[in-house]
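# Structural features, examined
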Amino acid sequence: MTALALAAGALGAGAVAPAAAHGAPERSAAPVRPELPAPTGPHPVGTVTARLVDHARHDPWVTSRPYRELMVSVWYPARKTGGSPRAPYMAPGAAERFDAEPRHGIPAGTVDWAGMRVHARQGAPVDGRDGRRPVLLYSAGANDPRTWNTSLVEDLASRGYVVVTVDHTYESPGVRFPDGSVKDDKPLKDALAGVTDDASLSRLLKKVMDVRVADDRFVLDRLGDLPGGLSRVIDRNRIGTVGHSAGGIAAAGTMYADKRVKAAVDLDGSLEYNGEPKGTHLTDVARHGVDRPLLLMGRDGVDHTTEPSWGAFWSRTPGWKADFTLRGSRHQTYTDLTAVLPQAGQPRDVVEKNIGTVDPARATAVRRAYVASFFDRWLRDRDDHLLDGPSPRFPEVRHVP
C-alpha cells in the first residue's frame, strides 16, 4: 500500500486507487455525465465561488508562499433562478486533475466531471426574505475535492441553510483559482513519500488535521466577506460543521477548537490520526470529549462500540451525542459516489465494494434526512425526533445507544 493510500485509510477515507498501468488500453466509450438527485427542500438553490486569502500565515505545505489561499463554494436559498445557468460540478483544470487517476472504483476517463451539472444555479440572487440563516461548513474526505458531497450540500441549501464548502489547497487533488491556475496535491504526496513508520505517519496526519481546522476557522473569520450579498443573510450565531471521513474529523476538530461552532456531524471519520495500533493516536475530540452536540454516522459495522476512537469520545462526552449506522453501507456511501457510481457503467462487484449493498436512493435519503434533522434540532430549534432512536421511516438505519 502506498503512503497516500495508507494515509487515506488512517483518516477513515477510501484508499486512492493506483494509476492504470503503462500501456493499458484507453477507453473507447465517451465519458458519462451523471445526474445528482434533485434537492428536496422548498427553496431553489444558488451557488457562487470565492477566493479567500489568509495573509496572517505562510502556506503550511509550500512555506515559500507568504500567505494561505483557499477556494470555497457557497450554496444558498435563491430568490429566483430563471436565466441563471446550472453550475458545473467541477471547474475545468480541477476536473482534469481529479480524473488523472482512478477514483473510488471509477476508471480515469469514465466520467466527464467538468461537463456534469448540478441543480444549483450559478450566481442566482440570494433569498433574504426570511431573515438571517444558519451557516454550515462542509469538508470532504482525504484527497477528495470540495464538490464531493454536492448531493447533500444542495439539499441542505434547499432546506434553508447557507453551506460553505472548502477546498484545502495542496491536499485536494486540484483547486482552480480565478486566474486559471490549478494547485494540485503534489506537496502532500511529497510529504507522504517521507513517511517511514506509524509515528511519522501520525505526525503528518495531525498536520493535515491542524491545517484543515486552521482553514475552517479562517473561513469562519471571513463570513462577512462573502460575495453576492450572502454575508447579510448569514447568522453567525448559528454555525455548524459537517464532513465525511477526514472532513468529519475536521468538522469535529473545528467545533472543539472554536466556540463559534454550535454543532457538528462526522460522517464515518475515525477520531484518530493513525489506525495502527488502534486507539493510540487520538484527536483532542476523542481524548477529551466535546461540550456541544456531535452526531456520528458510520458505515456498516462501525459505531462507538467497535471503533476505539469513537468509543473514547463517547465515554468522555456526558452531553448530547448520537450514533447511527447505515446497514449495507461502505465508506463512500456517504458521498456523491452513491449517485455517480451506478451511472458510470461499473460491474456489480465494483459497485458493492465501494458503496455497499444499500439501495443508492435510500442511502441518499438517509444522509440528507439525518444531517438535516440534526442541524434543524440544534441550529433552528426544530425537532422532528428522528434522532431519538430507531425510526420506521428508515429501517435500514441502526441506532447505537
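Values in this document were obtained by computation on a predicted structure and should not be read as measured data.

Scanning the chain from N- to C-terminus turns up 11 helices and 13 strands. For a compact globule of 401 residues, the expected C-alpha radius of gyration is about 21 Å, and the chain comes in at 20 Å, within 12% of that figure. The dimensions of the chain, computed from C-alpha atoms along their principal axes, are 55 × 50 × 50 Å. Residue burial in the chain is summarised as follows: out of 401 residues, 60% are buried. In the chain, the share of contacts with a sequence separation of at least 24, taken over all contacts with a separation of at least 6, comes to 75%.

Considering the arrangement of structural elements, one finds E69 in strand β2 (residues 68-77). Of note is the side chain of E69, whose polar atom sits 2.8 Å from the side chain of R51. Of note is the side chain of E69, whose polar atom sits 2.8 Å from the side chain of R65. If sequence neighbours within four positions are ignored, E69 has contacts with R51, L52, V53, T169, F177 and K183.

Take the pairing of strand β10 (residues 261-267) next. Regular strands show a simple pattern: their side chains alternate between the two faces of the sheet. Counting buried positions over the 7 residues of β10 gives 6, a clear majority of the element. As paired elements, strand β9 (residues 234-244) and β10 share 6 bridges and run parallel to each other. Its bridge partner lying in β10, H244 is registered against L267. Here β10 pairs with strand β11 (residues 294-298) via 4 bridges, running parallel. Paired with L267 across the two strands is M297, which belongs to β11.

Moving on, we come to the pairing of strand β6 (residues 162-167). Counting buried positions along β6 yields 6 of 6 residues, so the element is predominantly enclosed. On β6, burial covers both faces: V162, V164 and V166 on one face and V163, T165 and D167 on the other are all buried. When β2 meets β6, the two strands line up antiparallel, connected through 5 bridges. Among the inter-strand pairings, V74 is bridged to a residue of β6, identified as V164.

This part is about the packing of aromatic side chains. Enumeration over the complete set of coordinates arrives at 11 aromatic pairs. Each residue in the set Y161, W320, F374, F375 and W378 is aromatic and connected to the rest through ring pairs, giving one cluster. Just above the ring of W314 sits the side chain of K321; from NZ or CZ to the centre is 5.1 Å. When the ring centre of Y161 is taken as origin, the NZ or CZ atom of R380, which lies over that ring, is 4.6 Å away.

Across the sheet, 11 strands lie side by side as β3-β4-β1-β2-β6-β5-β9-β10-β11-β12-β13; this open sheet has mixed pairing. Since the sheet does not close on itself, it has two edges, and those belong to β3 (86-88) and β13 (397-399), each with one partner. Each neighbouring strand pair of the sheet contributes to a mean axis angle of 30°, computed without reference to strand direction. Pairing geometry for strand β1 (residues 45-54) and strand β4 (residues 117-122), over 2 bridges, is parallel.

Analysis parameters
- Residues numbered from 1 in each chain as written.
- Predicted model: local features only at pLDDT ≥ 70, side-chain atom pairs only at ≥ 80, totals over all residues.
- Heavy atoms only, no water.
- Helix = DSSP H or I, 4+ residues; strand = E, 2+ residues; numbered from the N terminus.
- Rg over C-alpha atoms; globule rule 2.2 N^0.38 Å.
- Buried < 20%, exposed > 50% of the residue type's maximum accessible area, 1.4 Å probe, protein only.
- Contact = heavy atoms within 4.5 Å.
- Polar contact = N/O pair within 3.5 Å; in protein donor to acceptor, adjacent residues only side chain to side chain.
- Pairing = 2+ DSSP bridges.
- Phe/Tyr/Trp six-rings, centres within 6.5 Å; stacked < 30°, edge-to-face > 60°.
- Lys NZ or Arg CZ within 6 Å of the ring centre and 35° of its normal.
- Axes fitted to C-alpha atoms, helices over the stretch in contact; angles between N-to-C directions.

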